[in-house]
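Residues per chain, in single letters:
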Amino acid sequence: MSGGLGRRWDLGGLALWVASLVLVGLWAFPLAWAIFATAGPADATAGFFRTYSNVLFSTDLGRWYLNSIVTSGGVTLFVIAISSTCGYAISQIAFAGRRLLWYGILGSFMIPVQALIVNHFFLIYQWGLLNTWLGVILPQLIAPIAVIVYKQFFDSIPQELGEAAFLDGAKHWQIFLKIYLPMNWGVTVALAIIVFIGAWNAFLWPFLAVTKPEMMNVTVSIAQIRSYGVSGLAAALMAGLPVVVIYLLFQRRVTEAVTLSVAEKDEA
Amino acid sequence: MAGMDSQRDRKDNRAALPLVLPFVLVYAALFIYPSLQMLATSFTDGALTKQGAWVGLANYERLLSDRGFGAALRNTLYFVALTVVPGTLVGLALAMVVNRLRGYWQAIALSVFFVPYILPVSTVTSIAYLLTDSPNSPLGGLAQAANGTTIPVWSSAAWFMPSVAVLTIWWTVGFSVLLFLAGLRAIPKNLYEAAQLDGAGRWAQLRWITWPLLKPITILVLTIQLILQVRVFDQVYLMASQAPSRSATVLVHYIYSVAFQRNQAGYASAVAVALFFIVLAFVVLQFQLLRIRRAK
């Protein structure tokens, strides 16, 4: 560790580099191999094309994609709408039961939603919503973390801003829509992305709520096909493709949102 | 609770109501009500789509002597032991790999570790199957070469949980990497520079600077993993089709099979209440540990 040449040929440093390279290689391998494997043994480009067109046109993949897009989009819209408004109210308005609501939201992390599957199923069955988009969406709307993130962000906006508008006669919902929401577009985008990815990847509830193949989300249906050949693998990769694309497009936002959701909960 | 007391004092219920109501309705109907119903159902002999008769504590008495429940509890704790601490250590190691790199290389390494976390569970399990299932697959071939025969990792009682644990760590470690990376970046660079001037080597720097300063984040990652992994279902269920069910059924899977395959919603709810108390214990533990950390 004495600088100059000594540093360049430092054995410990070399070992760390090799270890780093091995770890990156290990983590990249499964996915990289899977992508190459779907090309099949013959001419790569043709094999690739054959496998994927086969999956696209000989299965109901299009329909399953549609189910996933509608239900994940629905979950995202509803979650953002109900939690941004609720977060605003808790942050900015004094109302009866506000403390109770806030502690209720903080305390909800104690109940694992997985424990509620039996009663969610009973409820959705009673409402006649099994095998429907709405039935898949509803139990996924419990996202207390979104309210917490919004509340914390709205808290950090200078009070004078809202107060001035309030004195000018603006209503709370106007202040929310015209000042607080636009000032936090970054937060909304980040939350929307991770809620969408979470809903797209959700397995347990969509798996329970739907039994008809034509109503299944893509992540559930490919697990049901259970053909673990090359085309099964291609379908599995196609199921993950949209979220990977979203991640690659919004890399910074996704990683920000993930750290944010942990940090804000820790703060609260 | 910062900010809560510095608000306008005048109560404005009428303005708050429309803003709060949608969330409160959803929360009441889909969270509070099912939670209370779970508790109530656990005292009945109800079926999945039919309310049952009151049976008192019978379901809970049954829990105590139910071998299936005991096995599910053991399997869950085994899975937790195999994933929580190892996964946290791997996350720390990978975060340090990312932190050593600069520029493009750093972005590439972070993506390599994080992309699996973004994938749906069924994509991950499909890849895992094809990686291991035949002598022609990469890992199956490796086992064949080393061992003379492939190892039936997904159908052997001994191999199943450790294999699912490896798959889980590969899949989800990106989350811990992100948190550790944030922690590493928050450590002031001049601490390392000063240590180098004092002649501290790599190991000494890790031991006396990095590790102590990362302790709070480590506690956070560990407890988050604990609360997460005890509720495991998806990947264990999807890999378990060939495994002996005694050694592959975890708690959430047991709730599912009692309710949906045996149609005993009352008893399944009692199992769910047990899961609730286990998670609650871990949440309280997390709260206490983080509070001690903050008090320091």
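Coordinates for the structure precede this section.
Here goes a summary of the coordinates provided.

Reading the values: rules and limits
Residues numbered from 1 in each chain as written. Chains lettered and ligands numbered in written order. Predicted model: local features only at pLDDT ≥ 70, side-chain atom pairs only at ≥ 80, totals over all residues. Heavy atoms only, no water. Helix = DSSP H or I, 4+ residues; strand = E, 2+ residues; numbered from the N terminus. Buried < 20%, exposed > 50% of the residue type's maximum accessible area, 1.4 Å probe, protein only. Contact = heavy atoms within 4.5 Å. Rg over C-alpha atoms; globule rule 2.2 N^0.38 Å. Areas by Shrake-Rupley, 256 points an atom, 1.4 Å probe, with all protein chains shown as cover. Lys, Arg positive; Asp, Glu negative; His and termini not counted. Charge placed at Lys NZ, Arg CZ, Asp CG, Glu CD. Patch = residues over 30% accessible without salt bridge, like charges linked within 9 Å, V, L, I, M, F, W, Y side chains within 5 Å. Salt bridge = Lys/Arg side-chain N within 4 Å of Asp/Glu carboxyl O. Buried area = accessible area lost by both parts, 1.4 Å probe. Polar contact = N/O pair within 3.5 Å; in protein donor to acceptor, adjacent residues only side chain to side chain. Nonpolar A, V, L, I, M, F, W, Y, C, P; charged D, E, K, R; others polar. Phe/Tyr/Trp six-rings, centres within 6.5 Å; stacked < 30°, edge-to-face > 60°. Expected span 1.5 Å × (residues − 1).

Let's talk about the overall build of chain A
Counting secondary structure elements, chain A contains 15 helices and zero strands. When the backbone C-alpha atoms are referred to their principal axes, chain A occupies close to 70 × 70 × 35 Å. Within chain A, buried positions represent 51% of all 268 residues. Considering only intrachain contacts with a sequence separation of at least 6, the fraction spanning at least 24 residues in chain A is 76%.

Topic: the overall build of chain B
A count of helical and extended segments in chain B gives 13 helices and zero strands. Along chain B, from the amino end to the carboxyl end, the secondary structure elements read α-α-α-α-α-α-α-α-α-α-α-α-α. A globule of 296 residues ought to have a C-alpha radius of gyration of about 19 Å, yet chain B, at 24 Å, is considerably larger. If you line up chain B on its principal axes, its C-alpha atoms span 75 × 75 × 35 Å. Counting across all 296 residues of chain B, residues that qualify as buried make up 53%. Of all intrachain contacts in chain B linking residues separated by at least 6 positions in sequence, the fraction that spans at least 24 positions is 69%. On chain B, roughly 13,900 Å² of surface is accessible, and the fraction owed to carbon and sulfur atoms is 65%. Taking the average place of the 22 positive charges on the side chains of chain B and the average place of its 10 negative ones, the gap between the two points comes to 5 Å.

Things to note about the side chain of Ser 68 of chain A
Within the secondary structure, Ser 68 of chain A is located in helix 4 (residues 61-92). Residue class for Ser 68 of chain A comes out buried when judged on its relative accessible area of 0%.

A short note on a positive patch on the surface
A surface patch of positive charge is lined by Arg 252 of chain A together with Arg 102, Arg 185 and Lys 189 of chain B. Here Arg 185 of chain B is to be found in helix 7 (residues 157-185). Here Arg 185 of chain B falls in the partly exposed class, since its relative accessible area comes to 48%.

A word on the interface of chain B and chain A
Listed as interface residues are 94 residues of chain B and, on the opposing side, 94 residues of chain A. Carbon and sulfur atoms make up 73% of the area that chain B and chain A hide from each other, which totals about 8,700 Å². In this assembly, chain B and chain A are joined by zero salt bridges. Run the count over chain B and chain A and you get 13 residue pairs in polar contact (both at pLDDT 80 or more). The element best represented in the side of chain B that touches chain A is helix 1 (residues 13-41) of chain B, accounting for 19 residues. Split into classes, the residues belonging to the side of chain B that touches chain A amount to 65 nonpolar, 16 polar and 13 charged.

A closer look at the packing of aromatic side chains
Summed over the entire model, instances satisfying the criterion amount to 27 aromatic pairs over all chains. Ring geometry for Tyr 88 of chain A against Phe 154 of chain A: centres 6.1 Å apart, planes inclined by 75°, an arrangement best described as edge-to-face. Here the residue Tyr 88 of chain A occupies a position in helix 4, and Phe 154 of chain A occupies one in helix 8 (residues 144-155), the gap between them amounting to 66 residues. Residues Tyr 88 of chain A and Phe 154 of chain A agree in their burial class; the two are buried. Judged by centre distance (5.6 Å) and plane angle (45°), the rings of Phe 207 of chain A and Tyr 256 of chain B are tilted.

Re helix 10 (residues 172-183) of chain A
The end-to-end C-alpha separation of helix 10 of chain A is 15 Å, in line with the 16 Å expected for 12 residues at 1.5 Å each. Listing the buried residues of helix 10 of chain A in full gives His 172, Ile 175, Phe 176, Ile 179, Tyr 180 and Leu 181 of chain A. Residues of helix 10 of chain A that are buried sit in contact with helix 4, helix 8, helix 9 (159-167) and helix 11 (185-201) of chain A together with helix 1 of chain B.

As for the pattern of salt bridges
Residue and element names in this part refer to chain A. All chains considered together, the criterion is met by two salt bridges over all chains. Here Lys 151 ties to Asp 155 by a salt bridge, and the two come within 2.7 Å at their closest N and O atoms. Of this pair, Lys 151 and Asp 155 both sit in helix 8, four residues apart, which is roughly one turn of that helix. The shortest N-O distance in the salt bridge between Glu 256 and Arg 253 comes to 3.9 Å. Here Arg 253 and Glu 256 lie together in helix 15 (residues 251-267), a separation of three residues that amounts to about one turn.

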